[in-house]
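Inside the fold
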Amino acid sequence: MSNALSLLSLVPMPLQEEGIPVADDPVIIGFGAAYLLIVIAIGAWGWMQTESTSDFLITGKSIGTWVLALTAFSVIQSGFGFVGGPELVYSFGTTALWIFFTAPLGFLLTWIVLAKRMRILADIRNVLTLPDAMYVRYESEWVRGLGGVAVALGVVAYLAVNLAALQFVMRAIFGIPLIWGLLGGALILLLYSMLGGMIAGVWTDFLQAITMIVGAGFVFAYAMSFGGGMGTISQNLASADPNLISPFGALGAPAVAVLVGISWWMLFSIGAAGQPHLITKFYMSRDMKILKWGAPIAAISYAISSLIAFSAGLSMRAMVEAGEISETFSASEVGPVFVLDHTGSVIAGLILAALLAAIMSTSDSFLNIGAAAISRDIPRALGRPITDDKTELRVTQAALAMLTVLSTIVVFYSQALVGILGAISWGFFAAAFVPVVVLGLNWKGATKQGAIASLVVGMVFNIVYNVPPELAEVTDAGWAASLNEMVMATYPYPAEVPAEAIGLLVAIIVFIFVSIATQDGEELPSDLHALFER
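Residues numbered from 1 in each chain as written. Predicted model: local features only at pLDDT ≥ 70, side-chain atom pairs only at ≥ 80, totals over all residues. Heavy atoms only, no water.

1. Some remarks on the overall build of the protein chain
Each helix and strand in the protein chain was counted, giving 20 helices and zero strands. Restricting the contact set of the protein chain to residue pairs at least 6 apart, pairs at least 24 apart contribute 87%. Surface exposure of the protein chain reaches about 18600 Å², of which carbon and sulfur atoms provide 67%. (Helix = DSSP H or I, 4+ residues; strand = E, 2+ residues; numbered from the N terminus. Contact = heavy atoms within 4.5 Å. Areas by Shrake-Rupley, 256 points an atom, 1.4 Å probe, with all protein chains shown as cover.)

Below you can see the structure in the form of structure tokens.
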């Protein structure tokens, strides 16, 4: 997420396996196997329910309040929250809490500014994807096409986050090497996604959301007991590094940590409204009335589930610093290690099985929106739409396979931490879509020129300030070092400050100024006036 890390490196990632305990408990293995079978069964059921592209992508507008809210929460939490979350808390202490304590605000903000408007769009126009909505609002194929490209690029990175988490969980439950956990998990995911589409994803999300909420309470209790209570945990962390429990954490010097905390607050509260896998869920609601209570349900559920990252990360780091346990694991493995070594068999089985389901269902959401960008949005933007619904559905399913392969390659070659990679992809989506969608659906003065400019700036900014630093770190080539030096000379903040947050601000400013400069007094189509009614 910072400009010191990027999506892709040039050498395979080190597949450390020694630090991951392997469950030899039949209860844990049974939970894992049962969940995989349930996921595949739901996928097969979803296949029988899917008759059109609309069914495959937005469930035919059929879900209610609780399912919508818990699905929205679970697609945001997923592998990032269970593997990347404890990893960030373990590495940087309270810095990461600026993600987990502000993300619930993101649900409230997103519901307020977008829920009604996205659902209205699904009624008044035939929209199935986020670029569909962008085309309707701006009447520009350029906006649709750039939106499709942004979705496809962000999905590869986001899917890689979940596959990276999946390999650790498969290793922990079944004892298989990480490479087979990655490849086997990707294959199961592809089968599940091609069969069930969004119908399967929604109901798996609902099942695993309930499991996560219940499991989080148990993990929090175990973690507090393991660390000796919050007082002892804080004392052990403060003895090692007072910054670990300071208000802004240990990511950088104290002054830098303040900037990092504020940046993460902005990125994960405002940025939530730019996540396509979240905001397209509003298309699926059965009617407008059920949207009312979704925000508090999703926000509270996310806050409860975040107790896993908070408690496991801090207690494990405190016990390592106190010399009570040895650090035989990497930061990415903190979550699975704690659950397997320091909770009971039933709780461990429940949590790891829920994580399998979370990864599968969230990845299904990513694959669906990414595949739709390739099969629907980009071809339409190029003037080559697929007009036959069955053909479009089959092309969408073929695109699922391509995205899965690409994301697997990213995991294999990336050296970025799961948590960092998750923040990169979150920030990429935020910079690309918050201005265009949030401002565009709430401000009549937004223009297609402003949308095009902010999409380009948001994507380019994130790529420029994330890729060159990593290239310079993993290769001795002189050109990489020179490129990185040239790029970093233009970045006015310390390396720890996430470029994604700065990119979001820049994209918003560009959108507003270009829109104001290009307003020509054109009237919106009459059916879109409903979007701006309060």
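2. Some details on the packing of helix α9 (residues 229–240) against helix α13 (residues 307–321)
Relative to each other, α9 and α13 sit at 55°, their axes nearing to 8 Å. As the angle between them shows, α9 and α13 are arranged oblique. As α9 runs across α13, the sense of the crossing is left-handed. Two secondary-structure elements touch here, α9 through Met230, Ile233, Asn236, Leu237 and Ala240 and α13 through Phe310, Leu314, Ser315, Arg317, Ala318 and Glu321. Of the residues contributing to the contact of α9 with α13, the split by class is seven nonpolar, two polar and two charged. (Axes fitted to C-alpha atoms, helices over the stretch in contact; angles between N-to-C directions. Parallel < 35°, antiparallel > 145°, perpendicular 65-115°, else oblique. Left-handed = near helix turned anticlockwise from the far one by under 90°. Nonpolar A, V, L, I, M, F, W, Y, C, P; charged D, E, K, R; others polar.)

3. Points about the pattern of salt bridges
Across all of its chains, the model carries five salt bridges by this definition. Close ionic contact of Asp132 with Arg376 constitutes a salt bridge, the shortest N to O distance being 2.7 Å. Linking Asp132 in helix α6 (residues 130–138) with Arg376 in helix α15 (residues 345–381), this pair joins segments that are 244 residues apart in sequence. Residue class for Asp132 comes out buried when judged on its relative accessible area of 4%. Each member of the salt-bridge network shares a partner with another, and the members are Asp132, Glu141, Arg144 and Arg376. (Salt bridge = Lys/Arg side-chain N within 4 Å of Asp/Glu carboxyl O. Buried < 20%, exposed > 50% of the residue type's maximum accessible area, 1.4 Å probe, protein only.)

4. As for the side chain of Asn462
Structurally, Asn462 can be placed in helix α18 (residues 448–474). For Asn462, a relative accessible area of 3% corresponds to the buried category. In this structure Asn462 touches Gly427, Phe428, Ala431 and Glu500, once residues within four positions along its chain are discounted.

5. Side note on the side chain of Ser407
The topology assignment puts Ser407 in helix α16 (residues 389–413). Residue classification places Ser407 among the buried positions, given a relative accessible area of 0%. Discounting residues that sit within four places of it in the chain, Ser407 has contacts with Val155, Val156, Leu159, Ala160 and Leu163.

6. A closer look at the confidence of the model for the protein chain
Taken over all residues, the pLDDT of the protein chain has a mean of 80, while the share at 70 or more is 86%. For the protein chain, helix α2 (residues 53–58) is the element with the lowest average pLDDT, namely 55, and helix α20 (residues 499–518) is the one with the highest, namely 94. (pLDDT = per-residue confidence, 0-100.)

7. Notes on the packing of α6 against helix α7 (residues 141–174)
Two elements in contact, α6 and α7, have axes whose closest approach is 8 Å; the angle formed by their N-to-C orientations is 160°. Taken together, α6 and α7 sit at an angle that is classed as roughly antiparallel. Considering how the two elements wind past one another, α6 and α7 form a crossing that is right-handed. Note on element contacts: α7 touches α6 through Glu141, Val143, Arg144, Gly147, Gly148 and Val151, opposite Pro131, Asp132, Met134, Tyr135 and Tyr138. Across the contact of α6 with α7, the residue classes tally to six nonpolar, two polar and three charged.

8. Details of α13
In an α-helix, one turn spans 3.6 residues; hence positions three or four apart end up facing the same way. Taking 1.5 Å per residue as the helical rise, α13 with its 15 residues ought to reach 21 Å, and the 21 Å between its terminal C-alpha atoms agrees with that figure. Immediately beyond the C-terminal end of α13, within one or two residues, lies Gly323, with a positive phi of roughly 80°. (Expected span 1.5 Å × (residues − 1).)

9. A few points about the nonpolar core
Phe107, Trp111, Leu114, Met118, Phe433 and Val437 are the most contacted members of the largest nonpolar core, which has 161 residues in total. With 18 residues, the single largest contributor to this core is α7. (Core = buried A, V, L, I, M, F, W, Y, C linked by side-chain atoms within 4.5 Å.)

10. Overview of unusual backbone geometry
At Glu139, a residue that is not glycine, the phi angle is positive and equals roughly 50°. Of note, Glu139 is situated in the loop between α6 and α7.

11. Topic: the packing of aromatic side chains
A complete count under the given rule lists 10 aromatic pairs for this structure. Members of the aromatic cluster, joined through ring pairs, are Phe461, Tyr465, Tyr491 and Tyr493. Directly above the aromatic system of Tyr138 lies the positively charged group of Arg137, at a separation of 5.1 Å from the ring centroid. (Phe/Tyr/Trp six-rings, centres within 6.5 Å; stacked < 30°, edge-to-face > 60°. Lys NZ or Arg CZ within 6 Å of the ring centre and 35° of its normal.)

12. Considering a nonpolar patch on the surface
A cluster of nonpolar side chains, Leu105, Leu108, Ile112 and Trp265, forms an exposed patch at the surface whose accessible area comes to about 380 Å². By residue number, the principal contributor to the nonpolar patch is helix α5 (residues 103–124), which donates three residues. When you line up the elements, Leu108 lands in helix α5. (Patch = residues over 30% accessible without salt bridge, like charges linked within 9 Å, V, L, I, M, F, W, Y side chains within 5 Å.)

13. Here we look at helix α10 (residues 254–269)
Taking 1.5 Å per residue, 16 residues should reach 22 Å; α10 reaches 22 Å between its end C-alpha atoms and fits that length. Restricting attention to buried positions, one finds in α10 the residues Val256, Ala257, Val260, Gly261, Ser263, Trp264, Met266, Leu267, Phe268 and Ser269.

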